[in-house]
Amino acid sequence: MAKYRHVHTTFWDDGFVLDLTPEEKYFYLYLMTNSNTTQCGIYELPYRVIEMHTGYNRETVQKLLQRFFEYGKINYNELTKEIMLTNWAKYNFINSPKVKKCIEKELLAVKHIPFVKSYVTSLELFGYSIDNVSILLNGLNEQEEPQPINDIGSIPYQYYIDTPSKEFGEKEKRKEKEKKKKRKTKTNSRR
């Protein structure tokens with residue numbers, strides 16, 4: 001896909017944008033047009049990258065992200081360092097089959113699943129559809145929450161019972177055994 005983003009000329013006349021400070025306008029434009037943006041409007045954007053691109057310090061970046069969260073324009077996940085522009089689909093959805101495929105691929109790469117769910121919901125609200133996204137979302141739901149084997153008082157567990165478990169320190173024990181084997185081999189080869 002092309003790596004450029006359109007900014008509508010009506011951006012500057014939008015009631016929300018008119019009420020922003022110059023600093024906030026710059027930051028909002030940055031969020032919509034930086035090199036990490038995607039067709040779906042959900043992308044990874046660590047604080048350090050924002051600092052490097054904008055020249056703002058960490059404290060300013062966090063304050064601006066918090067403000068735009070409070071305005072309802074973004075969501076940010078600290079753990080995955082992903083950002084979601086909440087109205088992205090409303091203003092940037094393209095009904096091309098190639099773009100839809102690209103969006104599907106991008107949604108599979110999103111680490112924070114609630115962002116994907118929110119995006120799909122917003123598509124439905126705006127009257128757009130991506131045929132395979134609901135199938136993808138159902139697949140993600142199945143992976144996310146395994147169902148109990150029986151219905152009688154079973155407590156759902158994050159991992160399946162037949163998942164092999166690793167004892168603490170097993171990796172280190174294996175490495176130590178390999179080292180001993182190498183030492184024996186070297187000693188035997190010298191004889």
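Just above, that's the structure.
Rules of the game
- Residues numbered from 1 in each chain as written.
- Predicted model: local features only at pLDDT ≥ 70, side-chain atom pairs only at ≥ 80, totals over all residues.
- Heavy atoms only, no water.
- Patch = residues over 30% accessible without salt bridge, like charges linked within 9 Å, V, L, I, M, F, W, Y side chains within 5 Å.
- Areas by Shrake-Rupley, 256 points an atom, 1.4 Å probe, with all protein chains shown as cover.
- Salt bridge = Lys/Arg side-chain N within 4 Å of Asp/Glu carboxyl O.
- Lys, Arg positive; Asp, Glu negative; His and termini not counted.
- Charge placed at Lys NZ, Arg CZ, Asp CG, Glu CD.
- Helix = DSSP H or I, 4+ residues; strand = E, 2+ residues; numbered from the N terminus.
- Buried < 20%, exposed > 50% of the residue type's maximum accessible area, 1.4 Å probe, protein only.
- Phe/Tyr/Trp six-rings, centres within 6.5 Å; stacked < 30°, edge-to-face > 60°.
- Core = buried A, V, L, I, M, F, W, Y, C linked by side-chain atoms within 4.5 Å.
- Contact = heavy atoms within 4.5 Å.

Caption draft 1: Region of the structure containing a positive patch on the surface. There is a patch of like positive charges on the surface, built from Arg174, Lys175, Lys179 and Lys182. Take Lys175: it is sitting in helix α9 (residues 170–190). Lys175 sits in the partly exposed class, given a relative accessible area of 48%.

Caption draft 2: Inspection of the pattern of salt bridges at higher detail. A full pass over the atoms with the stated rule returns five salt bridges. Of the charged contacts in the structure, one is a salt bridge between Glu44 and Lys111, with a shortest N-O distance of 2.9 Å. Note that Glu44 is positioned in strand β1 (residues 42–44) and Lys111 in the loop between α6 (97–109) and α7 (113–126), a separation of 67 residues in sequence.

Caption draft 3: Summary view of the packing of aromatic side chains. Considering all chains together, one arrives at twelve aromatic pairs under this definition. Geometrically, the ring pair formed by Tyr28 and Phe68 is stacked, given 5.1 Å between the ring centres and 20 degrees between the ring planes. Pair noted here: Tyr28 is in helix α2 (residues 22–33) and Phe68 is in helix α4 (residues 58–70), with a separation of 40 residues, a long-range link. For the pair formed by Tyr28 and Phe68, the shared burial category is buried. Ring pairs connect the aromatic residues Phe11, Trp12, Phe16, Tyr26, Phe27, Tyr28, Tyr30, Tyr56, Phe68 and Tyr71, which therefore count as one cluster.

Caption draft 4: Highlighting the nonpolar core. If you look at the biggest cluster of nonpolar residues, it comprises 24 residues, and the most contacted ones within it are Phe27, Tyr28, Leu31, Leu65 and Ile83. Breaking this core down by element, the ones donating at least two residues are α1 (15–18), α2, α3 (47–54), α4, β2 (74–77) and β3 (82–85). Take this core: its biggest share by element is six residues, from α2. Not counting chain neighbours up to four residues away, the residues in contact with Leu65 comprise Phe27, Tyr47, Ile50, Ile74, Tyr76 and Ile83. Core analysis: the second largest hydrophobic core is formed by 14 residues, Met84, Phe93, Tyr119 and Val120 among them.

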